[in-house]
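Summary of structural features
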Amino acid sequence: QVQLVQFGGGLIQTGGSLRLSCAASGRTFSRYFMGWFRQVPGKEREFVGSISWNGAYTYYADSVKGRFTISRDNGKSTLYLQMNSLKPEDTAMYYCAARTKSTNYEVATEYTYWGQGTQVTVSS
C-alpha cells in the first residue's frame, strides 16, 4: 500500500501560478505511475496529467498542455503539479493518484491509491 498526502492549493487570480505536492509513504514510491485528476461538483473526475515511474514520460490533457507540468522526485517520494497561467475553468478539487499499470493513464479507475484532494480556486 501507499499513502498519499497532498499539499498546496488555494485561491489564486487568473494568470497566476500554484504548485501542488503529493507526498507518498508506505511502499516504494518509484514503483508507481502517478497521475493528477480534478473534479468539480456534479461532474466526473477529469484527467489532468500522468508521469511514468522514472519521470521520463509525461502525458497531459489538452486543456492543460503547455500550462501545467508534472514532475516527481523519487528520492523524496513526492509528486508535483506546477500550474501556470491559471484560468477560472481550472477551478476544481485536485487529486493525486497512484497506479501500477503503465497503460490507460487517463482512466481514473485504473488508479488504486488516491490523495485526499486539495481545492484550487481561480478568480477572474
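Relevant structure appears above.
Sequence order sets the numbering: in each chain, residues are counted from 1 along the sequence as written. In keeping with the predicted nature of the model, local features appear solely for residues at pLDDT of at least 70, side-chain atom pairs appear and are counted solely at 80 or more, and the whole-chain, interface and lining totals rest on all residues. Note: side-chain values were computed over all heavy atoms of the structure, leaving out hydrogens and water.

Along the polypeptide, Arg19 turns up in strand 3 (residues 18–26). Separated by 12 residues in sequence, Arg19 and Phe7 place their C-alpha atoms 8.7 Å apart. Note on contacts: a residue pair is in contact if any heavy atoms of the two residues lie within 4.5 Å. Beyond its immediate sequence surroundings of up to four residues, Arg19 is in contact with Phe7, Gly8, Gly9, Tyr80, Leu81 and Gln82. In DSSP terms, a helix is any run of H or I states spanning at least four residues, a strand is any run of E spanning at least two, and both are numbered starting from the N terminus.

Tracing the sequence through the fold places Tyr113 in strand 10 (residues 113–114). As for Tyr113 and Tyr32, which are separated by 81 residues in sequence, their C-alpha atoms are 9.9 Å apart. Sequence-distant contacts of Tyr113, that is, excluding residues within four places in its chain, are made with Gln1, Val2, Leu4, Tyr32, Cys96, Ala97 and Ala98.

Moving on, we get to the side chain of Ser50. With respect to the secondary-structure elements, Ser50 resides in strand 5 (residues 46–51). Accessible area is worked out with a 1.4 Å probe on protein chains only. A residue is then buried under 20% of its type maximum, exposed over 50%, and partly exposed in between. The class of Ser50 is buried, set by a relative accessible area of 1%. We define a polar contact as two N or O atoms separated by no more than 3.5 Å, with the added condition that, inside protein, one atom must be a possible hydrogen donor and the other a possible acceptor, whereas residues neighbouring each other in sequence contribute only through side-chain atom pairs. A polar contact of 3.0 Å, which involves the side chain of Ser50, links it to the backbone oxygen of Met34.

Let us look at the packing of aromatic side chains. In this scheme Phe, Tyr and Trp rings, the latter by its six-membered ring, pair at centre separations within 6.5 Å, and the angle between planes marks the pair as stacked below 30 degrees, edge-to-face above 60, and tilted otherwise. In the structure shown here, the tally under the stated rule is eight aromatic pairs. Both rings, one in Phe47 and one in Tyr105, keep their centres 5.7 Å apart while their planes meet at 50 degrees; by these two values the pair is tilted. In this pair, Phe47 is assigned in strand 5 and Tyr105 in the loop between strand 9 (92–99) and strand 10, connecting sequence segments 58 residues apart. Tyr105 gets classed as partly exposed once you look at its relative accessible area, which sits at 23%. Taken together, a centroid distance of 4.1 Å and an interplanar angle of 20 degrees make the contact between Tyr59 and Tyr105 stacked. Note that Tyr59 is positioned in strand 6 (residues 58–60) and Tyr105 in the loop between strand 9 and strand 10, a separation of 46 residues in sequence. Under the relative-accessibility criterion, Tyr59 is labelled partly exposed at 31%. Through a chain of ring-to-ring contacts, three or more aromatic side chains come together here, namely Phe37, Phe47, Tyr59, Tyr95, Tyr105, Tyr111 and Trp114. Consider the ring centre and the ring normal. A charge sits over the ring if Lys NZ or Arg CZ is within 6 Å of that centre and within 35 degrees of that normal. Geometry around Trp114 places Arg45 over its ring, the cationic atom sitting 4.7 Å from the centre. When the ring centre of Phe29 is taken as origin, the NZ or CZ atom of Arg72, which lies over that ring, is 4.3 Å away.

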